[in-house]
Amino acid sequence: MNLPKIPKKTRAYIESGAPEGQRNASLMNACCQLRDASWPRQVIDDVLMRRGRLDGLRDSEITATINSIMSQPARSPISAARHSQPAPMAKYRPA
């Protein structure tokens, strides 16, 4: 199955996990990225359930996080965000 691309940070989390103290936030961020990249729900469930379990999270925590994120609309498409340019910074002028 060909899946839409995701950021390197999200891929690294899926492959390597997150340290204690960052596990829930990392799961949540990854779920947002996968949802925004239009990954199929079943794939998101499978990938994040496996990762969360490997990180030591309870199934109920993982499921609640995924359901919460997936109940919200996706942010702007991940491909559009990747191609946008940041606004130039104004030059600093000391007072």
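Scroll up to find the structure.
Note that the coordinates shown come from a computational prediction; the quantities given were computed from them, not determined experimentally.

**Considering the pattern of salt bridges**
Part 1 of the argument: This structure, assessed with the given rule, holds 6 salt bridges.
Part 2 of the argument: Close ionic contact of R35 with D36 constitutes a salt bridge, the shortest N to O distance being 2.9 Å.
Part 3 of the argument: Look at D36 and you get buried, because its relative accessible area is 6%.
Part 4 of the argument: One salt bridge connects D45 with R41, and the closest N-O pair in it is separated by 2.9 Å. One end of the pair is D45 and the other is R41, both in helix α3 (residues 41-54) and 4 residues apart, which spans about a single turn.
Part 5 of the argument: Its relative accessible area of 33% is what places R41 among the partly exposed residues.
Part 6 of the argument: One salt-bridge network, held together by shared partners, links R35, D36 and R75.

**Things to note about unusual backbone geometry**
Part 1 of the argument: One non-glycine residue, S38, lies in the positive phi region at around 65 degrees.
Part 2 of the argument: Structurally, S38 can be placed in the loop between α2 (23-36) and α3.
Part 3 of the argument: Relative accessible area serves as the criterion here: at 57%, S38 is assigned to the exposed category.

**Focus: α3**
Part 1 of the argument: With 14 residues, α3 extends 20 Å between its outermost C-alpha atoms, agreeing within 8% with the 20 Å of an ideal straight helix rising 1.5 Å per residue.
Part 2 of the argument: If you check which residues of α3 are buried, you get V43, I44, V47, L48, M49, R51 and G52.
Part 3 of the argument: Those residues of α3 hidden inside the fold are in contact with α1 (8-16), α2 and α4 (59-70).
Part 4 of the argument: Directly after α3, the chain includes G56, whose backbone phi takes a positive value near 95 degrees.

**A look at the packing of α3 against α4**
Part 1 of the argument: Remark: α3 packs on α4, axes separated minimally by 10 Å, with the N-to-C direction vectors making an angle of 145 degrees. The handedness of the crossing between α3 and α4 comes out as right-handed. Contacts between α3 and α4 involve R41, I44, D45, L48, M49, G52 and R53 from the first element and D59, I62, T63, I66, N67 and M70 from the second.
Part 2 of the argument: Split into classes, the residues belonging to the contact of α3 with α4 amount to 6 nonpolar, 3 polar and 4 charged.

**Here's the deal with the nonpolar core**
Part 1 of the argument: Within the largest apolar cluster, 20 residues are counted, with the highest numbers of intra-cluster contacts made by Y13, L34, W39, I44 and L48.
Part 2 of the argument: At the level of elements, α1, α2, α3 and α4 are the ones that each hand at least two residues to this core.
Part 3 of the argument: Excluding its chain neighbours within four sequence positions, the residues that come into contact with Y13 are A18, R23, S26, L27, A30, L48, R51 and D55.

Cut-off values and rules
Per chain, the residues get numbers from 1 upward, laid out in the order the sequence is written. Residue-level local features of this predicted model are given only where pLDDT is at least 70; pairs of side-chain atoms are given and counted only at 80 or more, and the full residue set underlies all totals for whole chains, interfaces and linings. Hydrogens are left out, water is left out, and the side-chain values use all remaining heavy atoms of the structure. Only one rule defines a salt bridge in this text: a Lys or Arg side-chain nitrogen within 4 Å of an Asp or Glu carboxyl oxygen. Relative accessibility under 20% of the residue-type maximum defines a buried residue, over 50% an exposed one, and the middle range a partly exposed one, all with a 1.4 Å probe and only protein chains included. Runs of H or I in DSSP of at least four residues are treated as helices and runs of E of at least two as strands, each being numbered from the N terminus. Helices are assigned an expected span. That span is 1.5 Å times one less than the residue count. Here, two residues are considered to be in contact whenever any of their heavy atoms come within 4.5 Å of each other. Axes here mean lines fitted to C-alpha atoms, for a helix over just the part in contact, with angles spanning 0 to 180 degrees between N-to-C directions. Two helices cross in a left-handed way if the nearer one is turned anticlockwise from the farther one by less than a right angle. They cross in a right-handed way if the turn is clockwise. Note on residue categories: nonpolar means Ala, Val, Leu, Ile, Met, Phe, Trp, Tyr, Cys or Pro, charged means Asp, Glu, Lys or Arg, and polar means any other residue, Gly included. Residues belong to a common nonpolar core when they are buried Ala, Val, Leu, Ile, Met, Phe, Trp, Tyr or Cys residues joined through side-chain atoms within 4.5 Å.

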